[in-house]
Amino acid sequence: MKPALILIFGISIFALVVAFWLIQWVMAKDTGTDEMRKISDAIKAGAEAFLRRQNNTIIMLAGALAAVIFILYAFVRGHNEHDAAAPMVLALCTTGSFIMGALCSVIAGYIGMWVAIRTNIRTASAARHSLNDALQIALRGGAVSGLFVTLMSLLGVGGLFTFLKFLDYPYEHIPFMIVGYGFGASFVALFAQIGGGIYTKAADVGADLVGKVEAGIPEDDPRNPAVIADLVGDNVGDCAGRGADLFESTAAENIGAMILGVTLIPFFGWKGVIFPLVARALGIVASIVGVLIVKTEEHDDPMDALNIGYYVASILAAAGFVWAAHWLLASDQAPHAWAYYSACGLIGIATSQAFVYITQYYTEYKYRPVKSIAEASETGPATNVIAGISVGLESTAAPVVVIVVAILSSYKLGCLAIPGVGGLFGTAVATMGMLGTAAYILAMDTFGPITDNAGGIVEMSRQPESIRKKTDRLDAVGNTTKALTKGYAIGSAALAAFLLFSAYLDEIFNYTGRRIAVDLAKPEVFSGALLGGMLVFLFSSLTIRAVGKAAFDVINEVRRQFKAKPGIMKGTEMPDYGECVDIVTVGALKAMVAPGLLAVCGPIFVGLAFRVFITATEPTIAAEAVAGLLMIGTVAGILMALFLNNAGGAWDNAKKYIEMGNHGGKKSDPHKAAVVGDTVGDPFKDTAGPSLHVLIKLLATITLVLAPLFL
């Protein structure tokens, strides 16, 4: 075990050094003119103020939940002969790992955004001289977020594992003692994604409807009072929110795979338990190489450069995966298992590639779906909205087929590796493969808000048109990378959710010695399943409604300022940007609590309430009802998230396609219709959809942590 742990922590230290070197490299770049710095400082102040207030709220809620978890484990739940440790020890480990997961998630999200809001001005300044410099600064600034997210996940789980092993706990018990880490990460990710998503889309909708549609002024026009709030929103939604989302994915996948590795101890010993952490470490190295080789020429497509980096990272991750499998999963009891599990990892990597391409097809203006929405805009907003909904519904088919193929093929290969018990670990290995390049994917995601902010800084500081064209090219690429990351995130969430669902069933077996099944013919299980599907729809409703309510306040404020200060439109008076920032901050923080508590309390309520149906012949019926909630909630959540993400992305790019001069161009009637469609899609793709990624995994991690309470 010692060489594997040395490799894990050695790579972690190396990646940490690279992350700090990237920060230093980015911070050394030029920060442009005084006017550019003034705008950047306003964005920075707004983003840090919001994140500080949001994190205070999240930490307070997490502290209260940690106390509840400790009380339930220490004093409410009875001791079980299958427990991994004594009740008080189990309570301390579960609560402590929950707190650590929550804190690591907060830290990872904050550091990523801290760098991003300082990279935007440097990207804008570099665009005055070189497209390649601007591209590299934006990507390397985004890579800091990707590295810290994956590092905090790896160090957190690896550190807890090593600490408990040092205390001489059996390694087959340790994964069950640290399941709280994934729950803590999920809890923070949910509120970070909801709060950031509400903020960014309320500001965006308010700025677009009054600025573009009513006042007829361009995007990022300095006369728009909501423009700074809009630029702040890009950071708190896409940087901090998505960072917490993928942090949770990697943390939950690490623990879920380790739990399934426990079942294979007769074949691999401790190596099967530690394998997920080694694979994650090698994926970080692959992502670093991918980031550092990206470069472009002045007239080339920056997206091609990013794709090359992604392909290199994927190939290196695949090679590392095969090597790790041969090292850790080759044994006399299963001599060829490593080859089958290597194939499972390659399936996961191929699945991530497939999700990237499918999302690209449904959200890029080069392809039929987006063009059909743009064409429908010629007959008004209604037909635009109808076409967008149709595209969103259609877009669920191909990803589901890919998920089905990935799960079945990896499961069958796992069964060939170790007949009878190796199938589920095969799906876990496929999930590891899909998340192998998570650091690079997150770098591309953070690249989006950095370039968006850079374009806004260039526009508001009235730089020459030639510079704006460069930042527009990068911004267009950033819109694509953000859409691709959402597709990747939901794909990884789907595989991770299946992995965690299997881990939940395994945990019930470990606590009871009984294998449970989700039998929908049982009324209690069917009821739990129905509640799980309902939870997804109610959660989506609350998040979308929250955007509408906050946007309503922003719209009224922008209208008030235009009316009270007629000099704003003439350029003789400055709008009050701070008022809009405050309105959106307060609105987002208030609105994030209700959907967040619904997600957390829903499965707990079902598990505890259905305990009344426990009988001598049905001792696990409450756990089975929760399994039904988890299964149907996951299925409904995956489909709803795919619909919301892709419909919103397609509406956005249909508008951009028209703005490029097609179907009448800017300020035409089709353009106005497309703006309406884009406004409808905004809370779909940046609030409800991404929040559902987290909800899917939260349902799994919370049931995994609290499974003993349902028995």
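Refer to the structure above for everything that follows.
Residues numbered from 1 in each chain as written. Predicted model: local features only at pLDDT ≥ 70, side-chain atom pairs only at ≥ 80, totals over all residues. Heavy atoms only, no water.

**Quick notes on the overall build of the chain**
Part 1: Check the secondary structure of the chain and you find 23 helices and zero strands.
Part 2: Its C-alpha atoms give the chain a radius of gyration of 25 Å, near enough to 27 Å, the size a compact globule of 711 residues would have.
Part 3: Principal-axis analysis of the C-alpha atoms gives the chain an extent of 75 × 50 × 45 Å.
Part 4: Split into buried and exposed, the 711 residues of the chain put 65% on the buried side.
Part 5: The long-range share in the chain, meaning contacts at least 24 apart out of those at least 6 apart in sequence, stands at 84%.
Part 6: In the form shown here, the chain has an accessible surface area of approximately 23,300 Å², with 66% of it arising from carbon and sulfur atoms.
Part 7: Both charge centroids of the chain, one from 50 positive and one from 56 negative side chains, sit 3 Å from each other. (Helix = DSSP H or I, 4+ residues; strand = E, 2+ residues; numbered from the N terminus. Rg over C-alpha atoms; globule rule 2.2 N^0.38 Å. Buried < 20%, exposed > 50% of the residue type's maximum accessible area, 1.4 Å probe, protein only. Contact = heavy atoms within 4.5 Å. Areas by Shrake-Rupley, 256 points an atom, 1.4 Å probe, with all protein chains shown as cover. Lys, Arg positive; Asp, Glu negative; His and termini not counted. Charge placed at Lys NZ, Arg CZ, Asp CG, Glu CD.)

**Here we look at the nonpolar core**
Part 1: Of all hydrophobic cores here, the largest spans 252 residues; its most connected members are Phe275, Tyr341, Phe425 and Tyr504.
Part 2: The element contributing the most residues to this core is helix H22 (residues 621-659), with 20 residues.
Part 3: With near-sequence residues (within four places) excluded, Phe275 lies in contact with Phe321, Ala324, Ala325, Leu328, Leu329, Phe425, Val429 and Met432. (Core = buried A, V, L, I, M, F, W, Y, C linked by side-chain atoms within 4.5 Å.)

**Section: empty space enclosed by the protein**
Part 1: Counted under the stated rule, the structure contains five cavities of 30 Å³ or more.
Part 2: In this structure, the largest cavity encloses a volume near 100 Å³.
Part 3: Asp238, Asn479, Lys482, Ala483, Lys486, Asn645, Gly649, Asp652, Asn653, Lys685 and Asp686 are the residues that line the largest cavity.
Part 4: Only helix H17 (465-512), H22 and helix H23 (669-706) provide two or more residues apiece to the lining of the largest cavity.
Part 5: Taken together, the residues of the lining of the largest cavity sort by class into one nonpolar, four polar and six charged. (1 Å grid on protein atoms, 1.4 Å probe; cavity = no way out; pocket = protein on both sides within 12 Å on 5 of 7 lines; lining within 4 Å. Points joined across faces, edges and corners; volume = space filled by probe spheres on them. Nonpolar A, V, L, I, M, F, W, Y, C, P; charged D, E, K, R; others polar.)

**Some details on helix H1 (residues 2-27)**
Part 1: Taking 1.5 Å of rise per residue, the 26 residues of H1 would be expected to cover 38 Å, and the 37 Å separating its terminal C-alpha atoms lies within 8% of that figure.
Part 2: Considered for burial, the residues of H1 that qualify are Ala4, Leu5, Ile8, Ile11, Ser12, Ala15, Val18, Ala19, Leu22, Ile23, Trp25 and Val26.
Part 3: Tucked inside the fold, the buried residues of H1 contact helix H3 (87-126), helix H4 (131-166), helix H9 (271-292) and helix H10 (302-328). (Expected span 1.5 Å × (residues − 1).)

**Description of the packing of H10 against helix H16 (residues 438-460)**
Part 1: In contact at an axis separation of 10 Å, H10 and H16 are set at 160° when each is read in the N-to-C sense. Considering their axes alone, H10 and H16 lie roughly antiparallel with respect to each other. Where H10 crosses over H16, the handedness of that crossing is right-handed. For the pair formed by H10 and H16, the contact residues are Leu306, Gly309, Tyr310 and Ala313 on the first element and Tyr440, Ile441, Met444 and Phe447 on the second.
Part 2: Among the residues making up the contact of H10 with H16, the classes are represented as seven nonpolar, one polar and no charged. (Axes fitted to C-alpha atoms, helices over the stretch in contact; angles between N-to-C directions. Parallel < 35°, antiparallel > 145°, perpendicular 65-115°, else oblique. Left-handed = near helix turned anticlockwise from the far one by under 90°.)

**Description of unusual backbone geometry**
Part 1: With a phi angle near 55°, Arg462 is a residue other than glycine that sits in the positive phi range.
Part 2: Position of Arg462 among the secondary structure elements: in the loop between H16 and H17.
Part 3: For Arg462, a relative accessible area of 62% translates into the label exposed.
Part 4: In this model, His663 sits at a positive phi of 55°, which is unusual for a non-glycine residue.
Part 5: Among the structural elements, His663 can be located in the loop between H22 and H23.

**Regarding a negative patch on the surface**
Part 1: Negative charge collects at one region of the surface, where Glu297, Asp300, Asp301 and Asp304 lie side by side.
Part 2: Along the polypeptide, Asp300 turns up in the loop between H9 and H10.
Part 3: For Asp300, a relative accessible area of 39% translates into the label partly exposed. (Patch = residues over 30% accessible without salt bridge, like charges linked within 9 Å, V, L, I, M, F, W, Y side chains within 5 Å. Salt bridge = Lys/Arg side-chain N within 4 Å of Asp/Glu carboxyl O.)

**What to know about the pattern of salt bridges**
Part 1: As enumerated under the stated definition, the model contains 21 salt bridges in all.
Part 2: For Asp41, the salt bridge identified is with Lys44, shortest N-O distance 3.4 Å. Here the residue Asp41 and the residue Lys44 both occupy positions in helix H2 (residues 34-76), the gap between them amounting to three residues, near one helical turn.
Part 3: According to the relative accessible area criterion, Lys44 is partly exposed, its value standing at 22%.
Part 4: With a shortest N-O distance of 2.9 Å, Asp686 and Lys201 are connected by a salt bridge. One end of the pair, Asp686, is in helix H23; the other, Lys201, is in helix H6 (residues 180-215), with 485 residues separating them in the sequence.
Part 5: Residue classification places Lys201 among the buried positions, given a relative accessible area of 4%.

**Some words on H22**
Part 1: Taking 1.5 Å per residue, 39 residues should reach 57 Å; H22 reaches 57 Å between its end C-alpha atoms and fits that length.
Part 2: Burial of H22 is extensive: 34 of the 39 residues sit out of reach of the surface.
Part 3: Gly661 sits one or two residues past H22 and shows a positive phi near 110°.

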